[in-house]
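Topology and contacts: notes
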Amino acid sequence: MMKKEDLYILKRRIKAWCNSMAFYFCRVFPIDKKLVSVCSFEGKGGFGCNPKYVVEKLHEIDDSLKFVWFINANVWEKKFPEYIKKVPNTLWSRAYYLTRAKVWIDNYRKPYGTVKRKGQYYVNTNHYTLGIKTVGLWRGTGFSKMAYLVSKNDSDMIDDLIIDSKFCELASPKGLIYDGHYLKTGAPRCDVLYGDRSVIKQMYRAKNNLPEDAKILLFAPTFREGAKNGKRFVYSQFWSVDFKHLIDCLEEKFGGIWYICFRVHPQLAAGFSDYENDEIAGRILNESQADDLYEIMAAMDAYMTDYSSACFEAAFAKMPVFIYADDIAKYEKDRGSLYWNMTTDSPDKVTANQEMFPGKDWVFPFSIATNNDDLEHDILHFDQQKYEVRLAEFFGKIGLVFDGNASEKVAEEILKRVV
């Protein structure tokens, strides 16, 4: 008797084959050399992440380009610039516009059954570069057969994958099931974090009616993902952080009046309501519904997460980063592995997983707290000068590319194909 997972995969294969017929049918339409198709977070995302910054730069350089952006029905009201046409993220819509577009831009995976035709250019911007949690085959049995098939189908179509470091080059073949060409430009979404952020910070405080000297910590936990019988699901968890004590510690260490800005993953944002805590009433901001994390991050003074890869990007701006991971052992077991030896090494010197990065002496650059007492210690003993030295050493060893011009570099590569 066929296993449930194998039966599910067979059904998905048949469905994918049927869906692919729509793409072949739409080949009666010619490729439009000026048409660029865009998607983010499987249609759940708005005008944000890496695709946003690439599209803005493309439009700035060549305003004759036409853009379509695939949107799911439940987020259709999200706002986009007038030069972008929103289109439904449905099978026939994808088949028509993807088959006609000269350029594809995506930060996730294309649906199983998507077919690219000769002469098209697909640049995948991904939605993370450096990371803590493993993906793909690095997860072992945590990576389902179905997830492999979806990843492989997408990776085989990619012409260029955007990366920012040696870390990505070593992690991607098994992590993203990708052995193709890389664009080592850095992540376009991080351009906004480069250089002076004072104007962005001032504008954000004015927009939210905060004092000009208000200080804000961005709390952006990762989302949890699992699979059962080959089917993927996403779930959230309650946090054990004592946010009142967190604010007290931040104010004791850094001075000023501190606020906490919540930002859950786009996969969870649609179902996330405001976090309520009477102890810190008036000190909470919720940006989970906002389309672009990075304009928000650029306005922040500190960052905290459990396993989100954005911790490294917050560090590009040299803002203090704190890791609060109260379930490391369980999370590592559920995930299959982590890129860092967070459960075996001393918290003071967490090294890179040697199975994945043999011979690399990379040291995780952030403090790791597993409870509120640890977090208090990490904040009160934070040393900005030592922190920046540690970051510089880490980024130097991994060969980080970050100069504030990633969007332009990617746009120039795309424009070479639009001829």
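Criteria and thresholds
- Residues numbered from 1 in each chain as written.
- Predicted model: local features only at pLDDT ≥ 70, side-chain atom pairs only at ≥ 80, totals over all residues.
- Heavy atoms only, no water.
- Helix = DSSP H or I, 4+ residues; strand = E, 2+ residues; numbered from the N terminus.
- Rg over C-alpha atoms; globule rule 2.2 N^0.38 Å.
- Buried < 20%, exposed > 50% of the residue type's maximum accessible area, 1.4 Å probe, protein only.
- Contact = heavy atoms within 4.5 Å.
- Areas by Shrake-Rupley, 256 points an atom, 1.4 Å probe, with all protein chains shown as cover.
- Lys, Arg positive; Asp, Glu negative; His and termini not counted.
- Charge placed at Lys NZ, Arg CZ, Asp CG, Glu CD.
- Salt bridge = Lys/Arg side-chain N within 4 Å of Asp/Glu carboxyl O.
- Axes fitted to C-alpha atoms, helices over the stretch in contact; angles between N-to-C directions.
- Parallel < 35°, antiparallel > 145°, perpendicular 65-115°, else oblique.
- Left-handed = near helix turned anticlockwise from the far one by under 90°.
- Pairing = 2+ DSSP bridges.
- pLDDT = per-residue confidence, 0-100.
- Arc of directions from axis to C-beta.
- Polar contact = N/O pair within 3.5 Å; in protein donor to acceptor, adjacent residues only side chain to side chain.
- Phe/Tyr/Trp six-rings, centres within 6.5 Å; stacked < 30°, edge-to-face > 60°.
- Lys NZ or Arg CZ within 6 Å of the ring centre and 35° of its normal.
- Right-handed = clockwise from strand over helix to strand, strands pointing away.

It is worth spelling out the overall build of the protein at this point. Secondary structure summary: the protein contains 14 helices and 15 strands in total. Taking 419 residues into account, the globule formula puts the C-alpha radius of gyration at 22 Å, and the protein, at 22 Å, falls close to it. Split into buried and exposed, the 419 residues of the protein put 54% on the buried side. Put simply, of all contacts in the protein between residues at least 6 apart along the chain, 70% involve residues at least 24 apart. Roughly 18900 Å² of accessible area belongs to the protein as shown, and the carbon and sulfur atoms make up 52% of that amount. Taken together, the 58 basic and 57 acidic charged side chains of the protein have centroids lying 10 Å from each other.

What follows covers the pattern of salt bridges. Inspection of the entire model under this criterion finds 26 salt bridges. Among the ionic pairs, E42 bridges to K44, the shortest N-O distance being 3.1 Å. The residue D160 makes a salt bridge to R417 at a minimum N-O spacing of 3.6 Å. Taken together, the residues D160 in strand β6 (residues 160-163) and R417 in helix α14 (residues 406-417) connect sequence positions 257 residues apart. Looking at R417, the relative accessible area reads 29%, which means it is partly exposed. Through salt bridges with shared partners, a single ionic network connects D160, E413, K416 and R417.

In the contact formed by helix α1 (residues 4-25) and helix α3 (residues 91-100), the axes pass within 8 Å of each other and the chain directions differ by 40°. The angle between α1 and α3 places the two elements in the oblique class. α3 is crossed by α1, and the crossing has right-handed handedness. Taken together, the residues of α3 that come into contact with α1 (itself represented by N19, A22, F23 and F25) are L91, W92, R94, A95, L98 and T99.

A separate point is the environment of V103. In this structure, V103 sits in strand β4 (residues 101-106). Note: C-alpha distance between V103 and K85 (18 residues apart in sequence) is 15 Å. For V103, the contacting residues outside a window of four places in its chain are L35, V36, S37, Y121, I414 and V418.

Moving on, we get to the sheet that holds β4. With parallel pairing, the 7 strands of this open sheet are ordered in space as β3-β2-β1-β4-β5-β6-β7. Each end of this open sheet is capped by a strand with a single partner; those strands are β3 (84-88) and β7 (182-184). Within this sheet the neighbouring strands show an average axis-to-axis angle of 25°, counted without direction. As paired strands, strand β5 (residues 121-124) and β6 are joined by 2 bridges and run parallel to one another. Across the sheet, the residue bridging to V123 is D160, located in β6.

The buried fraction of β4 amounts to 6 of the 6 residues, a majority that puts the element mostly inside the structure. Strand direction decides the pairing type here: strand β1 (residues 32-39) and β4, joined by 5 bridges, are parallel. Note that in β4 the partner of V36 across the bridge is V103. The pairing of β4 with β5 spans 4 bridges and is classified as parallel.

Right, let's talk about the confidence of the model for the protein for a bit. Across the protein, the average pLDDT comes to 92, with 93% of residues at 70 or higher. Confidence drops under pLDDT 50 across residues 226-236; counting only partners more than four residues distant or on other chains, this segment forms 31 contacts.

Next up on the list: helix α12 (residues 372-380). Helical periodicity: at 3.6 residues per turn, an α-helix aligns residues three or four positions apart in one direction. Buried within α12 we find L375, D378 and I379. Looking straight down α12, one finds its buried side chains confined to an arc of 95°; they lie on one side. Buried-residue contacts for α12 involve α7 (243-254), β13 (302-305), β14 (321-324) and β15 (367-369). Its side-chain oxygen at 3.1 Å from the backbone nitrogen of D373, N371 defines the N-terminal cap of α12.

Turning our eyes to something else, we now look at helix α4 (residues 145-155). Those residues of α4 not exposed but buried are M146, L149, V150, S151, D154 and S155. Those residues of α4 hidden inside the fold are in contact with α1 and β5.

Moving on, we come to the packing of aromatic side chains. As enumerated under the stated definition, the model contains 36 aromatic pairs in all. Centre to centre, the rings of F366 and Y387 are 6.5 Å apart; their planes meet at 45°, and the pair counts as tilted. Linking F366 in the loop between α11 (328-335) and β15 with Y387 in helix α13 (residues 384-398), this pair joins segments that are 21 residues apart in sequence. Here F366 matches Y387 in class, with each residue buried. Seen from the ring of Y122, K110 lies directly overhead, with NZ or CZ sitting 5.8 Å from the centre. Over the ring of Y259 we find R283; its NZ or CZ atom is 5.8 Å from the centre of that ring.

Moving on: the pairing of β14. Residue alternation in β14 divides its side chains into two sets, V321 and I323 and F322 and Y324, and both sets are buried. Note: β13 against β14, 3 bridges, orientation parallel. Bridging from a neighbouring strand, T305 pairs with I323 of β14. With helix α10 (residues 310-316) bridging β13 and its parallel neighbour β14, the resulting β-α-β unit is right-handed. In terms of strand pairing, β14 meets β15 through 3 bridges, oriented parallel. Looking at the pairing, Y324 lines up with A369 of β15. At this point the chain moves from β14, through α11, to the parallel β15, and the crossover so formed is right-handed.

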